[in-house]
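Fold and geometry: a report
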Amino acid sequence: MSQISDPKIAFAYLRPACVLLTKEPSLSNVETLSAQLKEVNDVSLQQLQDYVLFPLRFVLKVPGPKRDRVVQAVANAIGFVLENTCVQSWDTVRDLFSELCLCLCSPTDPGKPADTSEELKLAVLKCLDALIHAAYGDILFKLYEPVMLPGLGAAVSLLLTLAEKEKSRDVQGAALKCLLVLLQQCDCSQDHVNCTAHRQIIGRTVASFLPGITTGVARIITGDMRQGHGVIVRAMKVWSCAVSLVMEDCQLQSAAPVEIPGPELGRITQLLVHRTEEWVKSTATRLCVLLKKIIPCTSAHQHWRVRLAQVELADLLLERCGQSLADCVGPLLEALVGAVSDNEPRVRDRWVWVIGNISKTFTDVLSENLHSLCTSLPRLMRTSDDQKKLFVLNVFLGYVKLLGPLVSVVLTSAAHLERISKALMQVLELDVMDVRIVEERSHSDTNIESNSNVHTQRKHFMFFTDDRIFSVLMEICRMLGYYGNIYLLTDHFLDLYQQSSAYRKQAAMVLNETVRGAAGGDGRPSEQSTEEDLKAAVESIIEEYISVNNWHLMTVSEETDRDRQDQKVSYFRPDFCPSPTLGPELAAASTSNLHQLNSNIWQLVVQLEGISCFAQALGRGFCPLLMTSLYPVLEKAGEESLLVSQAALGCMWGMCQACRYPSLKELINENSDYLLNDISLNLQRLSQHPQAPRVLTVMLTHSDCSLLPLVGDIVKDVLTALDLSYDHTAALFCSVLHALMKALARWFSPGHIREPSKSNHRTANQEAFDIGQFLLDYSKQKELAEGIGIEDDMEDSADNDIPPASELQDDDDIGGPDVTKELPNHLQITKDVMERCIHLLSDPNLRIRLKVLDVLELCISLLSELENELLPMVHRAWPALLQRLTTDDPLAVLRAFRVLCTLGETSGDFLRRRVSKEVLPKLSSSLLRQAPVSARAGPVYSHSLAFKLQLAVLEGLGSLCQRLDLGEEDLDKVCEACLPYLSCKQPARLQEACLSVFRHLIQVDPDTFWFTLNELHCPSDFTPPHLELQPVRLCGMGRPRDEYTDNVLRLLREEFNSQITTKPNS
């Protein structure tokens, strides 16, 4: 619909609504007039402005309380008029300004905001904004004349209160926007102040309110973070605009002489502020105090727009008020410098643009600030919270980056270098209270295929928890190395490293990052250090790291005498029945301080990280240093401490990447010559070099079969050393032998393991399928019993006993010498190792027995294809293995049973009689005795050692019986021992393991166990096919459901074709 453009027609159209609103100031009449105003174009509305505003202002002036919705509608209507017209009368501007301010004030206390709705406040604030923008020409500047100071001050106070106390973010933002409009610094496209004289007028007037504005807005900025970043950003703009308007250098320099106010102003003269030199200095001091409160809050704010506003604040004040705010230059530069490492690119880009304009101007100030910060840095690191520390460190980093090469001049001052280093030592102190660091153990067979798989433990520090602080500290160290003298820094921090163990870990971290920075860790080559300088520094640091006192540190508690002596009190009774409440107490009493062990672990981790860092810094130039550094790193890769071994593996991968090795295998194989030479020499002086076996263990773990020819002599040395001193070196060498056997098993896995006879795997279906052959055999045996066909049978058997002539001719060994075939190298090594295991199976130390059982299992697997070699060894090992199975610690019993199962796979016939006579009775009796205990136990029982023993025996017993092809009597014993575990009262895992036993037993003798299961519960009756046949009666027929029913039915369904209606033939 087109708008009314003729003023006369518009007047006639609006007049009834205006008259009616004057007579009846109601909400509906206000809304009617507002709707009609939108149908008049701007030109006509400009001519009718006073006429239209009169009834609206009249509603506001009517005495008595007014409804919020009426005042809100009036404010919206006035705002619409002001947005589309301009006010050319000062009286109108002044009166409307006062009337709108009164709408926001409380009727009883004009100094406080009224308790009205948020919508009303927003409407009035929007109307005030429109009024200031609608003032035409120089009329607006009358608002800043001395006579208006009381009213303007009341408005500013009201707006500040709304911005600070109001809960609504929208109202807060609108109030701050009105303050910006009053300062003529709003974000609109209009140029409100286009001459110096007008800025002088506004600055002189706002100077009267500057203390209140800056203090109130500072409280908003440093207040609750939950008020949102939008409010804080706008508040920072109000603060910076107010200060720059009053303290602008060009205004203060060109200020006119102080005029004496006329007597007509009366008491208003007390509000006037004269910007004298003394006033400026005093105000700058107060502003500096406020800045020091604002900057730490805004620099650490999570939202990037707040940090960007801080950069813009500092830029504006340094550009316009650099001289008048001389006391504030330091904090403002801190605000800028603190943004140097901001995560947001837009903040960094703005910082780069700002700092490019001012860095040359304030170089001296930057240098002085760095000096003063060095002085206070130790105290700040000791007393501040994380937020303050992060800000201070970011500022320090910013100073270093801004000064660049001039940093080396600062570092030449011994006092400042001492302060910087002591601050770094204090803040980087590690927390060594975590017990888990000491308790976690590594595994010798850990094989990590890439550097990304290496776990890195997070460091915990005493004086901060924020990871960002650690990142900034490392960046500071890198920048010091990049711009500083690498020789000076290396010597200084190595001195700290050597002086006290309290500083050793921190000094190592600083040295690591300093070298990284000197190498140009950010992608730029360092201008201060050459490659020769870097290599010399790295050599001196590595030499210190791997020295005996700093490398061979204790990381695990020493074993007590209880671990060294034979454990005479077994946790098993002779009948192999564990108590569910007892468990092994293998924890050794620590003989060294727990915190010292933790500290040693972290020191080694930091040093290993440093060697990896040095390799990355030097690249291919690190290759010559492998001869001195690789062997010590391999020592630590074999450490028992998980954290140290993981750090060593990460270091090895760092070496691989730096020296261009594709994997750890190539790294070890290419350097195996001097590594094995060192191992060989050190094995001869084992008391001085007890770590040598660990190096061999790590090499075997991470290499391939190409290493075996080189390792052969070393293995002989190991076995010889073991033979000479079983008591002292068994624990150390057992780990080597275990790693060796695992490597051989990985490199030379057997082609196949002997499978049990196929006759032992017959199912019920196969029995039914062979029934014809069974009848034929039965008939033949019956005839032979009656004497029919004996002669023919004897002739056939005689013919079968005579071997073919071809076999006789092919037998080359008859009459030849008895020559033993030479074994392959890896099998000969396996045989030699197994010889030692036989002796060590009875070692008093439980840990050694456990390790030997693991080694023995691997040896049996490797020799599985050579029965002539394996069976004599098994015969010799059997007595000691039997002791482990029956009267040893529960942990040893578990391992020994696993070895027995492996033996069953490889030499079943050989073990049948021994297991039947010596092992099976004790296994069966212990299972029977423990069954009632596990049936009554609660859910916690599944975590006990007794449960684990039951589970292991049940899981392996079925397959063992099947592989050994045990007789009927032995199978009955096993069945009797396992039947209680078919009860639903048993733990679920024990039930599943028992079901697996019966599945194997059914494959051995399906008829017997079909009968046994049906004796427990028979699911159906068996009706004879003829009346003359006797009916079949089983004990399980007609029996009600009990605790065994579910598992019995499950076995019958799965193993005997679901629903069985007839008994299989036997």
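This is a predicted model, so every value here is computed, not measured. (Residues numbered from 1 in each chain as written. Predicted model: local features only at pLDDT ≥ 70, side-chain atom pairs only at ≥ 80, totals over all residues. Heavy atoms only, no water.)

**As for the overall build of the protein chain**
Scanning the protein chain from terminus to terminus reveals 50 helices and zero strands. Considering only contacts in the protein chain between residues 6 or more positions apart, those separated by 24 or more positions represent 78%. A total accessible area of about 51000 Å² is found for the protein chain, and carbon and sulfur atoms account for 51% of it. (Helix = DSSP H or I, 4+ residues; strand = E, 2+ residues; numbered from the N terminus. Contact = heavy atoms within 4.5 Å. Areas by Shrake-Rupley, 256 points an atom, 1.4 Å probe, with all protein chains shown as cover.)

**Brief notes about the state of the cysteines**
Counted under the stated rule, the structure contains zero disulfides. As a non-bridged cysteine, Cys859 has Cys837 as the owner of its nearest cysteine sulfur, 4.8 Å distant. Among the residues examined, Cys859 registers a relative accessible area of 0% and is labelled buried. Among the cysteines around Cys975, which has no disulfide bond, Cys978 carries the closest sulfur, lying 7.5 Å off. (Disulfide = S-S within 2.5 Å. Buried < 20%, exposed > 50% of the residue type's maximum accessible area, 1.4 Å probe, protein only.)

**Brief notes about helix H7 (residues 118-134)**
Taking 1.5 Å of rise per residue, the 17 residues of H7 would be expected to cover 24 Å, and the 24 Å separating its terminal C-alpha atoms lies within 8% of that figure. Counting buried residues along H7, twelve of its 17 residues qualify, which places the element largely inside the surrounding structure. (Expected span 1.5 Å × (residues − 1).)

**Things to note about the pattern of salt bridges**
Under the criterion given, the structure shown has 36 salt bridges. Of the charged contacts, one joins Glu869 and Lys831 as a salt bridge, the two residues approaching to 2.7 Å between their closest N and O atoms. Remark: Lys831 occurs in helix H41 (residues 825-840) and Glu869 occurs in helix H43 (residues 867-886); sequence separation between them is 38 residues. On the basis of relative accessibility, which here comes to 16%, the residue Glu869 falls in the buried class. One network of salt bridges, in which partners are shared, links Arg57, Lys61, Asp91, Arg94, Asp95 and Glu99. (Salt bridge = Lys/Arg side-chain N within 4 Å of Asp/Glu carboxyl O.)

**Section: the packing of aromatic side chains**
The geometry of an aromatic ring pair is captured by two quantities: the separation of the ring centres and the angle between the planes. Here the structure, examined in full by the defined rule, presents nine aromatic pairs. Arranged with centres 6.5 Å apart and planes meeting at 85°, the rings of Phe998 and Phe1009 form a pair that is edge-to-face. Here the residue Phe998 occupies a position in helix H48 (residues 988-1004), and Phe1009 occupies one in helix H49 (residues 1006-1016), the gap between them amounting to eleven residues. Each member of the aromatic cluster is reached from another via a ring pair, and the members are Phe461, Phe464 and Phe470. The lysine or arginine in question, Arg346, covers the ring of Trp304, its NZ or CZ lying 4.0 Å from the ring centre. Lying across the ring of Tyr497, Arg504 places its NZ or CZ 5.5 Å from the centre. (Phe/Tyr/Trp six-rings, centres within 6.5 Å; stacked < 30°, edge-to-face > 60°. Lys NZ or Arg CZ within 6 Å of the ring centre and 35° of its normal.)

**A closer look at the nonpolar core**
The biggest cluster of nonpolar side chains holds 347 residues, and the ones touching the most others in it are Trp239 and Phe622. Not counting residues within four places of it along the chain, the set of residues in contact with Phe622 comprises Ile542, Ile611, Phe614, Ala615, Ser629, Met655 and Cys659. (Core = buried A, V, L, I, M, F, W, Y, C linked by side-chain atoms within 4.5 Å.)

**Let's talk about a negative patch on the surface**
A surface patch of like charges, here negative, comprises Glu968, Glu969, Asp972 and Glu976. Locating Glu969 in the fold gives a position in helix H47 (residues 968-978). Overall, the relative accessible area of 59% leaves Glu969 in the exposed class. (Patch = residues over 30% accessible without salt bridge, like charges linked within 9 Å, V, L, I, M, F, W, Y side chains within 5 Å. Lys, Arg positive; Asp, Glu negative; His and termini not counted. Charge placed at Lys NZ, Arg CZ, Asp CG, Glu CD.)

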